[in-house]
Amino acid sequence: VFGRENVDDSQDRKRSRTNKIKSYSAPFRVDAIKRHNREMHPAKWNEYQQLSGADKKRFFESQVSRKISSSMISNTSIECRQFQIDKDIVEKSWTTCFVAEEDDDINQTLEAMGFDPIDDDADNVSHYQATIPNYLQFLSVIKFVGAGLSFRQVSQVMGDMKESLGLHQVGNVTRRKVTRLLFNIHLCACPMYESQTGDNMTALTCRLLDALCIDWKKKLIAVTTDGAPNMTGCHVGMVTQLQRLSKPGFYRVWCAAHQLDLLVQRGLSSMFDEKFVHVIQGVTGYLRRQNI
């Protein structure tokens, strides 16, 4: 929090100082924390000892807020960033998966989405350029989504981070803006407008992977899905068809969370029969009648 202090203890030390930042983990030992602060941060420790109880709480809060804010801004530029994206990735994936077939002017649609075509010497599109106006905001959203947060949760976390840490550079992030921030670099989800049959999902997945990596069939080693028939069916399930296209040794993984959800539903359905509900109602009524 405070950084290193210049303490002249070279005569007493047997080893040279390291550049590692001290951190603590459970079980926390108060004596070790006090000893570290007395030896490594004597000036700040003496300043802290002179404060009252309320001032001691505010002392660390102000230091942490200032340090986190300055560190994040110094390590991540908030300036505009531009990314060069391969032409096939943009045109094949977006025109087959995200752009409506009746859209006559594909180039105009891509430009409206934020893809600027870059021409070569022959005036042919060589690649596309995507512009990120606020890179700090973009990187924060990507990390939160990658950690498993939903778009709504990301919007809430970004607002809390801006308020509590004073990071006004991240700007305002709504749920709708999260979707716009993710469209041009990261593949998080692929919308499907057709019937969700095994054949349709396989065709869409293959078109998308063909645009991203032409030899994906040699590199695909596993697929994780739920246990729906259109996913795991032995004849036309999407996983079954992808397994036929892939190399030997392909792994089929049934999502553990989905399996647990099915087990819990099955267990609750068998437990909550009419007799069980009657007993619970009786116990609840008895407790409510007591003068506790």
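Our subject is the structure listed above.
One structure accompanies this document, and this report is about it.

On to a nonpolar patch on the surface. Among the surface-exposed residues, Leu260, Val264, Leu268, Met271, Phe272 and Val277 lie close enough to one another that they form a single nonpolar patch of about 510 Å² accessible area. Here the nonpolar patch gets four residues from one element, more than from any other, and that element is helix α13 (residues 256-271). Counting through the fold element by element, phenylalanine 272 comes out in the loop between α13 and α14 (274-289).

Right, let's get into the pairing of strand β3 (residues 125-132). Bridge count for strand β1 (residues 81-86) against β3 is six bridges, and the pairing is antiparallel. Residue pairing in the sheet places isoleucine 85 in a bridge with tyrosine 128 of β3. Sheet topology places strand β2 (residues 115-119) next to β3; five bridges connect them, and they run antiparallel. Following the sheet pairing, isoleucine 118 is matched in β3 by histidine 127. Adjacent in sequence and paired antiparallel, β2 and β3 are bridged by five residues, among which aspartate 123 carries a positive phi angle near 65 degrees.

With that settled, consider helix α12 (residues 238-245). Looking at α12, one finds that the buried residues are Met238, Val239, Thr240, Gln241 and Leu242. The inward-facing, buried residues of α12 abut α9 (198-212), α10 (216-219), β4 (222-225), α11 (229-232) and β5 (251-254).

You can see glutamine 241 is positioned in helix α12. A relative accessible area of 17% places glutamine 241 in the buried class.

This brings us to a positive patch on the surface. Taken together, the side chains of Lys22, Lys34, Arg35 and Arg38 present a region of like positive charge at the surface. Along the chain, lysine 22 falls in the segment before α1 (30-40). Judged by relative accessible area, lysine 22 falls into the partly exposed class, the value being 49%.

It is worth spelling out the packing of α9 against α12 at this point. Helix-helix packing is characterised by the crossing angle of the two axes and by the distance between the axes. Relative orientation of the contacting elements α9 and α12 amounts to 45 degrees, with a least axis distance of 8 Å. Relative to α12, the element α9 is oriented oblique. The crossing of α9 and α12 is right-handed. Two secondary-structure elements touch here, α9 through Gly198, Asp199, Met201, Thr202, Thr205 and Cys206 and α12 through Met238, Gln241, Leu242 and Leu245. Residues that form the contact of α9 with α12 fall into these classes: five nonpolar, four polar and one charged.

What follows concerns the pattern of salt bridges. Note on pairing: side chains with opposite charge can pair once their charged atoms come close. If you walk through the whole model with that rule in mind, you get three salt bridges. With its nearest N and O atoms 3.8 Å apart, the salt bridge here joins lysine 44 to glutamate 47. Linking lysine 44 with glutamate 47, this pair stays in helix α2 (residues 42-49), spanning three residues, or about one helical turn. Residue classification places glutamate 47 among the partly exposed positions, given a relative accessible area of 39%. Salt-bridge contacts for aspartate 215 lead to lysine 219; the nearest nitrogen and oxygen are separated by 3.8 Å.

We now examine the nonpolar core. By size, the foremost hydrophobic cluster in this structure holds nine residues: Met201, Cys206, Trp216, Val223, Met231, Met238, Val239, Leu242 and Phe250. With three residues, the top contributor of residues to this core is α12. Those residues in contact with valine 239, other than ones at most four positions away along the chain, are Val223, Thr225, Met231, Phe250 and Arg252.

According to the stated counting rule, one finds one aromatic pair in the structure shown. One cation-aromatic arrangement involves lysine 56 over tyrosine 48; the distance from NZ or CZ to the ring centre is 5.1 Å.

The rules we used
- Residues numbered from 1 in each chain as written.
- Predicted model: local features only at pLDDT ≥ 70, side-chain atom pairs only at ≥ 80, totals over all residues.
- Heavy atoms only, no water.
- Patch = residues over 30% accessible without salt bridge, like charges linked within 9 Å, V, L, I, M, F, W, Y side chains within 5 Å.
- Areas by Shrake-Rupley, 256 points an atom, 1.4 Å probe, with all protein chains shown as cover.
- Salt bridge = Lys/Arg side-chain N within 4 Å of Asp/Glu carboxyl O.
- Helix = DSSP H or I, 4+ residues; strand = E, 2+ residues; numbered from the N terminus.
- Pairing = 2+ DSSP bridges.
- Buried < 20%, exposed > 50% of the residue type's maximum accessible area, 1.4 Å probe, protein only.
- Contact = heavy atoms within 4.5 Å.
- Lys, Arg positive; Asp, Glu negative; His and termini not counted.
- Charge placed at Lys NZ, Arg CZ, Asp CG, Glu CD.
- Axes fitted to C-alpha atoms, helices over the stretch in contact; angles between N-to-C directions.
- Parallel < 35°, antiparallel > 145°, perpendicular 65-115°, else oblique.
- Left-handed = near helix turned anticlockwise from the far one by under 90°.
- Nonpolar A, V, L, I, M, F, W, Y, C, P; charged D, E, K, R; others polar.
- Core = buried A, V, L, I, M, F, W, Y, C linked by side-chain atoms within 4.5 Å.
- Phe/Tyr/Trp six-rings, centres within 6.5 Å; stacked < 30°, edge-to-face > 60°.
- Lys NZ or Arg CZ within 6 Å of the ring centre and 35° of its normal.

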